[in-house]
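# Structural overview for review
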2 protein chains.
Amino acid sequence: MKKHNFSAGPSILPQEVLLKASEAVVDYNNSGLSLIEISHRSKDFVDIMENARALVLELLGLEGKGYKALFLQGGASTQFLMVALNLLEKRAGYLNSGSWAAKAIKEAKIFDDVYEVGSSKDANYNYIPKGYEIPEDYDYFHCTSNNTIFGTQMKSFPKTNIPMVCDMSSDIFSRTLDFSQFGLIYAGAQKNMGPAGTTLVVVKEDILGKVSRKIPSMMDYQVHIDKGSMFNTPPVFPIYTSMLTLEWLKGKGGIAAIEKENEKKASIMYSEIDLNPLFEGFAVKEDRSLMNATFNLTNDNLKDTFETMLKEAGISGVNGHRSVGGYRASMYNAMPIESVKVLVEVMSELESKA
Amino acid sequence: MKKHNFSAGPSILPQEVLLKASEAVVDYNNSGLSLIEISHRSKDFVDIMENARALVLELLGLEGKGYKALFLQGGASTQFLMVALNLLEKRAGYLNSGSWAAKAIKEAKIFDDVYEVGSSKDANYNYIPKGYEIPEDYDYFHCTSNNTIFGTQMKSFPKTNIPMVCDMSSDIFSRTLDFSQFGLIYAGAQKNMGPAGTTLVVVKEDILGKVSRKIPSMMDYQVHIDKGSMFNTPPVFPIYTSMLTLEWLKGKGGIAAIEKENEKKASIMYSEIDLNPLFEGFAVKEDRSLMNATFNLTNDNLKDTFETMLKEAGISGVNGHRSVGGYRASMYNAMPIESVKVLVEVMSELESKA
Ligand SMILES: Cc1ncc(COP(=O)(O)O)c(C=O)c1O
Ligand SMILES: Cc1ncc(COP(=O)(O)O)c(C=O)c1O
Ligand SMILES: [Mg+2]
Ligand SMILES: [Mg+2]
Ligand SMILES: [Mg+2]
Ligand SMILES: [Mg+2]
């Protein structure tokens, strides 16, 4: 049976990427060797790394603008700490728009003073805080573009003269933005870019070098930049698979093309949530995420019926996060519109049954 | 042509492991989904993680002895820093037996006082320092069991009452040892355990919790222990492939069985280096590594001939590290004795030609 994988991350990847990645594990490029058993200093892998780094800047429209792309380890959770280590000298402003933002705040507080410029914790993060001020004497401002757990997404970003740092783990490469408004962007690979095990960092080099603390080598963006993202052994397979996914995206027409598909998928999904009386959305409408749609049943008695129907339709990964409950349909770049239609079909079938 | 892969890391893995890993990238266990697109919180992946962690303790003979196994990210280079963050309160003793040891020392010095109890830097690390003292009031003692670059290996470990921390990146699971003499063992996966992208940490839980600094979550061993090595999204594919390699090793009879093969391979290799007048070993004999044999041509004029012959025999990855020069044959667990024989054959052919 065809599977429809709505997992929030690690999550769906393009089928052609999976096939190429699988092949490389046995024999890379007819070399007679597996991709995962060759030196990371070999020309084969250095080419992969450089291609992946270049594709990132090309797709984001950041070529020649002073940015460097790095493929690191440790997940976005390690970036919570690296951002503060590299940029926090006195005080930073954070937007508390979800649990991941709150964790970023918690880790940064270990190093210095952190101020919440805005928060939506009061409403279990079902909206994006707005109308806040960002003091111009702060070291940087940190926000989360898409709140994976709550299904909210920043539709616009504040204007500020201090570096803007953004956790784009769950919506990078999914929509057109002026990416040059950010000083630093980071994202765990395991949503729109590749498998778990590598973390993308895109940093404007001139925001670095301004803190007085001594930074351990593995935590120092400048060290990784100077070594071409190969200070130590990089996670070869996750980077190769990310490169394949970036090539796939480029082949589809880049971010502008995928954005149109993502808008279509989300609109089908949210229409059903709104029009079907058995469902209601969790996030406020104006802040709804194109990537993660969060919703609940209006009648809890239908839970078992609905979940059986989902299973029978081959739908997996739609269970909501424990801090929100209900359901969450993650519709990342690689999700075909057909899968969204199958889910919506099941929802409307439930209505006709009920 | 059959390839003989002597790469120092990432390095050779068992063929059956590569095949199974490749299959899982397309379809895991006939689930219809790829291993790399399912949630790390799914039963499928939690089972993999728990199996891998259990296999580590079983193979090392550390079950029921207060140890925990963790699969982290960041490579052994991140352990240089995590060890110090978690264990260094006042002063630690380090054995400087190679470039990796020197890097471990450099990173630890950022946090506190570090003392080199012994060093072989004077002879470009061609031997293991011996006869040193370890003060009993230090927080811990750090050593490197196998010096990948220089081809030296510690044949015995000092007796001490303070926790002994060991970087076993390049010889873990290759020889029997009383692993309970160590308080903490770490190893990048990409030699004897799996692909690049995960780092094994085996820690005796009771050595933790003794430092006063606030440790960032991702750097805190206790946090990872408490979360079953899933504090954040783990590197799914590297961990799965490591689990397969550990199963393969268990199937072969465990460390004791593989140790015999490793001794045989090394003895064939070193015999040729010693008996063939065209070659000489780099490391002093008593400290020679069973994993990485370092050697030079006695006549530099034969360089091109030798390297052409290597290529023609399908041999790759024997170039020495730039800080030593010459050649390095890495003979990790997965390397078949046949490949060593092919290399030795080429060396002896060179002699008959010259
Ligand atoms: C927005 C966001 N930030 C951070 C994280 C944490 O990422 P990681 O597990 O790679 O540390 C996630 C994970 O889902 C996320 O969605
Ligand atoms: C003994 C030893 N320690 C540490 C490292 C560094 O490992 P990583 O590249 O995973 O940081 C290596 C890499 O070859 C090594 O051989
Ligand atoms: Mg969130
Ligand atoms: Mg409705
Ligand atoms: Mg070394
Ligand atoms: Mg000789």
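Residues numbered from 1 in each chain as written. Chains lettered and ligands numbered in written order. Predicted model: local features only at pLDDT ≥ 70, side-chain atom pairs only at ≥ 80, totals over all residues. Heavy atoms only, no water.

## A short note on the site of ligand 1
Taken together, 14 residues are adjacent to ligand 1, and Ser77, Thr148, Asp167 and Lys191 of chain A together with Thr233 of chain B come closest. Residue Trp100 of chain A places a side-chain N or O atom 3.4 Å away from an oxygen atom belonging to ligand 1. Contact with the protein chains removes 96% of the 390 Å² of surface that ligand 1 exposes when unbound. Ranked by residue count, the leading element in the shell around ligand 1 is helix α3 (residues 75–87) of chain A, at four residues. In terms of residue class, the shell around ligand 1 is made up of three nonpolar, nine polar and two charged. (Near = heavy atom within 4 Å. Polar contact = N/O pair within 3.5 Å; in protein donor to acceptor, adjacent residues only side chain to side chain. Areas by Shrake-Rupley, 256 points an atom, 1.4 Å probe, with all protein chains shown as cover. Helix = DSSP H or I, 4+ residues; strand = E, 2+ residues; numbered from the N terminus. Nonpolar A, V, L, I, M, F, W, Y, C, P; charged D, E, K, R; others polar.)

## Some remarks on unusual backbone geometry
Between Gly9 of chain A and Pro10 of chain A the backbone carries a cis peptide bond, its omega angle lying at -10°. Residue position: Pro10 of chain A is located in the loop between β1 (4–5) and α1 (15–26).

## Notes on the coordination of the magnesium ion (ligand 6)
Residue and element names in this part refer to chain B. Bound to the magnesium ion (ligand 6) on the protein side are Ile273 (O), Asn276 (O) and Phe279 (O), at distances that span 2.2 to 2.4 Å. Sequence spacing of the donors to the magnesium ion (ligand 6): I-x2-N-x2-F. Neither Ile273 nor Asn276 differs from the other in exposure class; each is buried. (Donors = N, O, S within 2.8 Å, 3.2 Å for Na, K, Ca; no water. Buried < 20%, exposed > 50% of the residue type's maximum accessible area, 1.4 Å probe, protein only.)

## As for the environment of Glu133 of chain A
Residues and elements named next belong to chain A. When you line up the elements, Glu133 lands in the loop between β4 (113–119) and β5 (141–144). According to the relative accessible area criterion, Glu133 is exposed, its value standing at 66%. Sequence separation between Glu133 and Val344 is 211 residues, and the spatial gap between their C-alpha atoms is 40 Å.

## Examining the site of ligand 2
Near ligand 2 lie 14 residues; those nearest to it are Thr233 of chain A together with Ser77, Thr148, Asp167 and Lys191 of chain B. More than one chain approaches ligand 2, the contributing ones being chains A and B. Contact distances for ligand 2 include 2.6 Å between an oxygen atom and a side-chain N or O atom of Ser77 of chain B. Out of a free accessible area of 400 Å², ligand 2 has 96% covered by protein chains. Of all the elements, helix α3 (residues 75–87) of chain B adds the most residues to the shell around ligand 2, at four residues. Of the residues assigned to the shell around ligand 2, the class counts are three nonpolar, nine polar and two charged.

## Quick look at the domain arrangement of chain A
Residues and elements named next belong to chain A. Partitioning chain A into structural domains gives domain 1 (15–251) and domain 2 (254–353). For domain 1 versus domain 2, the distance between C-alpha centres works out to 27 Å. Opposite the 29 residues of domain 1 that make contact, domain 2 presents 25 residues. Taken together, both faces of the contact between domain 1 and domain 2 bury some 2,200 Å²; the carbon and sulfur share is 54%. (Domains from an automatic or database assignment. Contact = heavy atoms within 4.5 Å. Buried area = accessible area lost by both parts, 1.4 Å probe.)

## What to know about the relation of the copies chain A and chain B
When chain A is fitted onto chain B, the two copies agree to an RMSD of 0.0 Å after a turn of 180° and an axial shift of 0.0 Å. In symmetry terms, the pair is related by a two-fold rotation axis. Measuring from the rotation axis to each C-alpha of chain A, the shortest distance belongs to Ser22 of chain A, at 2.3 Å. The overlap is high: 100% of the interface residues of chain A also sit at the interface in chain B, so the same surface is used on both sides. (Least-squares fit on C-alpha atoms with pLDDT ≥ 70 in both.)

## Overview of the packing of aromatic side chains
Residue and element names in this part refer to chain B. Considering all chains together, one arrives at 25 aromatic pairs over all chains under this definition. Arranged with centres 6.5 Å apart and planes meeting at 35°, the rings of Phe150 and Phe282 form a pair that is tilted. Of the two residues, Phe150 is situated in the loop between β6 (146–147) and β7 (152–153) and Phe282 in the loop between β11 (279–281) and β12 (292–297); the sequence distance between them amounts to 132 residues. Phe282 sits in the buried class, given a relative accessible area of 17%. A centroid spacing of 5.1 Å and a plane angle of 90° characterise the contact between Phe306 and Tyr327, whose relative ring orientation is edge-to-face. Separated by 21 residues along the polypeptide, Phe306 in helix α8 (residues 303–312) and Tyr327 in strand β14 (residues 327–330) bring together distant segments of the chain. Owing to a relative accessible area of 6%, Tyr327 belongs among the buried residues under this scheme. (Phe/Tyr/Trp six-rings, centres within 6.5 Å; stacked < 30°, edge-to-face > 60°.)

## Notes on the pattern of salt bridges
In the structure shown here, the tally under the stated rule is 26 salt bridges over all chains. Arg175 of chain B serves as the salt-bridge partner of Asp171 of chain B, at 3.0 Å between the closest nitrogen and oxygen. A residue is classified by how much of its surface remains accessible, and Asp171 of chain B, at 2% relative accessible area, is buried. Since its relative accessible area comes to 8%, Arg175 of chain B is described here as buried. Linked through salt bridges whose partners overlap, the residues forming this network are Lys130, Glu286 and Asp287 of chain A. (Salt bridge = Lys/Arg side-chain N within 4 Å of Asp/Glu carboxyl O.)

## Re the sheet that holds strand β11 (residues 279–281) of chain A
Residues and elements named next belong to chain A. In space, the three strands of this open sheet follow the order β11-β12-β14, with antiparallel pairing throughout. The outermost strands of the open sheet, each flanked by one partner alone, are β11 and β14 (327–330). Here the average twist between neighbouring strands, direction ignored, is 35°. Note: β11 against strand β12 (residues 292–297), three bridges, orientation antiparallel. When the sheet's bridge partners are listed, Phe279 is paired in β12 with Leu297. (Pairing = 2+ DSSP bridges. Axes fitted to C-alpha atoms, helices over the stretch in contact; angles between N-to-C directions.)

## What about helix α4 (residues 99–109) of chain B?
Restricting attention to buried positions, one finds in α4 of chain B the residues Ala101, Ala104, Ile105, Glu107 and Ala108 of chain B. Packing partners of the buried residues in α4 of chain B comprise α3, β3 (91–96), β4 (113–119), β5 (141–144) and β9 (184–188) of chain B.

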